[in-house]
Amino acid sequence: MEILKVENLCKTYGKGEAQVKALQNAGFSMQKGEFAAVVGESGSGKSTLLNCIGALDMPDCGKVYMDGRDIFSMRENERTIFRRRNIGFIFQSFQLVPELNVEQNIIFPLLLDHKKPDKERLEEILEVLGLKDRRKHLPGQLSGGQQQRTAIGRALITKPMMILADEPTGNLDSGNSREVIGLLHQASRLYRQTILMITHNQNLASSADRVFRVKDGILSELGDGSTAPSGAGTKTALEREEG
C-alpha cells in the first residue's frame, strides 16, 4: 500500500548569485511499513525535503501525496489539521514541553486535537520505549536518550500515516543513537509504521530498508541499506557512493 508519493519537488532559496537550488525535481514513493533514510552533507537539501514532505515548508513546484491526498492542494487550515493527525515529527532537539511530564508530552498531540488518549496504546508505547518508570518525570529530569524516546512516543501516539525524523540521533552519543534507531525499527515492524529519517550518520542509515542521498538538491536512491554487502575488503552501498 503506497503511503507517500513525491513528484518533481523543487525548492529554491535566494536570488541571483545567492540563489541555492535546495531541491531539483525530487521524486520517490514509500509503501506502508517502510523505513527509509536520507543522507547528505549539511546544506545538501535533505532537511528541505523533509520539511516539504511534512508541509512545514511550501515547495516551488511539485506534488506530495499522502495516502493519495495532495497535501498542497488543501487550504492552509485543512493542511494544518491533516499534518497534526497524520504526520508524526521527531526532531534532533527533542522539542518537549518542559512543564509537562513524559506521559503528558506523549499525549500532547491528542490533547491539541481535543481527543481522549487511548490508555491501552499509551501503556503499550511506554512499555515498548522503556519509559514506564519515567512517566511522571519532567524532561529536565531525563537523559538525552530518554528525552528522544519520549519524542518517539509523541510521534507514535496519534497512529500517524508517516513519521518524519530529522537527525533524531544528532544530540546523542553512539550508544543512545543505536538504541533510538533500534526503537524506530521496532516501531516500523510492530506498528507497520512508515518512517522517513534524515541523518548524516551513514552507519545508522545503512540499517534502513532503503537509503537515499541528496547532493546539491538532487535526490538519488542508493538501494537497500539493510542488505548492502559489508565486511573486510567489501564496501557498503553508502561507502561506494562516497567513493
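Our subject is the structure listed above.
What counts and how
- What you see as residue numbers is a count from 1 along each chain, following the sequence as written.
- Per-residue local features are limited, in this predicted model, to residues with pLDDT of at least 70; the limit for side-chain atom pairs, both in listing and counting, is 80 or more; totals at the level of whole chains, interfaces and linings are taken over all residues.
- Hydrogen atoms and water are omitted, and side-chain values are computed over all heavy atoms in the structure.
- Only runs of H or I of at least four residues qualify as helices and only runs of E of at least two qualify as strands under DSSP, and these elements are numbered from the N terminus.
- Here the term buried applies to any residue with accessible area under 20% of the maximum for its type, exposed to any over 50%, and partly exposed to those in between, with areas from a 1.4 Å probe on protein chains only.
- Charge assignment in this entry is limited to Lys and Arg as positive and Asp and Glu as negative, and neither His nor the chain termini are counted.
- Where a charge lies is defined by one atom per residue type, namely NZ (Lys), CZ (Arg), CG (Asp) and CD (Glu).
- When DSSP locates at least two bridges between a pair of strands, those strands are taken to pair.
- Residues are treated as being in contact if the distance between any of their heavy atoms lies within 4.5 Å.
- In this analysis, axes come from line fits to C-alpha atoms, helices being fitted only over the stretch in contact, and the angle between any two N-to-C directions falls in the range 0 to 180 degrees.
- Put simply, a patch holds well-exposed residues, over 30% relative accessible area, that have no salt bridge, with like charges counted together within 9 Å and Val, Leu, Ile, Met, Phe, Trp or Tyr side chains within 5 Å.
- For every accessible area listed, the method is Shrake-Rupley and the probe measures 1.4 Å; residues are considered covered only by the protein chains on display.
- Salt bridge, as applied in this entry: a Lys or Arg side-chain nitrogen positioned within 4 Å of an Asp or Glu carboxyl oxygen.

## Re the overall build of the protein
Okay, step 1: In terms of regular secondary structure, the protein is built from eight helices and ten strands.
Okay, step 2: Projecting the C-alpha coordinates of the protein onto the three principal axes gives extents of approximately 50 × 50 × 35 Å.
Okay, step 3: Looking at the 243 residues of the protein, the share that counts as buried comes to 50%.
Okay, step 4: The average position of the 32 basic charges and that of the 31 acidic charges among the side chains of the protein differ by 4 Å.

## Focus on the pairing of strand 8 (residues 194-199)
Okay, step 1: Here strand 8 lies mainly inside the structure; six of its six residues are buried.
Okay, step 2: Burial along strand 8 is two-sided: the face carrying Thr194, Leu196 and Ile198 and the face carrying Ile195, Met197 and Thr199 are both buried.
Okay, step 3: When strand 3 (residues 35-39) meets strand 8, the two strands line up parallel, connected through five bridges. Looking at strand 8, one finds that Ala37 is bridged to Met197.
Okay, step 4: Where strand 7 (residues 162-166) meets strand 8, five bridges bridge the pair, whose relative direction is parallel. Among the inter-strand pairings, Ile163 is bridged to a residue of strand 8, identified as Ile195.

## Some points on the sheet that holds strand 5 (residues 69-70)
Okay, step 1: On the basis of which strands lie adjacent, the open sheet formed by four strands has the order 2-1-4-5 and antiparallel pairing. The open sheet has two edge strands with one neighbour each: strand 2 (20-31) and strand 5.
Okay, step 2: Taken together, the eight bridges between strand 1 (residues 2-13) and strand 2 define a ladder with antiparallel strand orientation. Residue Val6 lies in a different strand from strand 2, and its bridge partner there is Phe28.
Okay, step 3: Along the sheet face, helix 1 (residues 46-53) touches strand 1, strand 2 and strand 4 (61-66) and points at about 55° away from the line of strand 2.

## Brief notes about a nonpolar patch on the surface
Okay, step 1: Taken together, the side chains of Phe108, Leu111 and Leu112 define a hydrophobic patch exposed on the protein surface, amounting to about 250 Å² of accessible area.
Okay, step 2: With respect to the helices, strands and loops of the structure, Phe108 is situated in helix 3 (residues 102-112).
Okay, step 3: Owing to a relative accessible area of 30%, Phe108 belongs among the partly exposed residues under this scheme.

## So, the side chain of Gln146
Okay, step 1: Checked against the element boundaries, Gln146 lands in helix 5 (residues 144-156).
Okay, step 2: Among the residues examined, Gln146 registers a relative accessible area of 13% and is labelled buried.
Okay, step 3: Once residues lying within four places of it in the same chain are set aside, the contact partners of Gln146 are Leu131 and Arg134.

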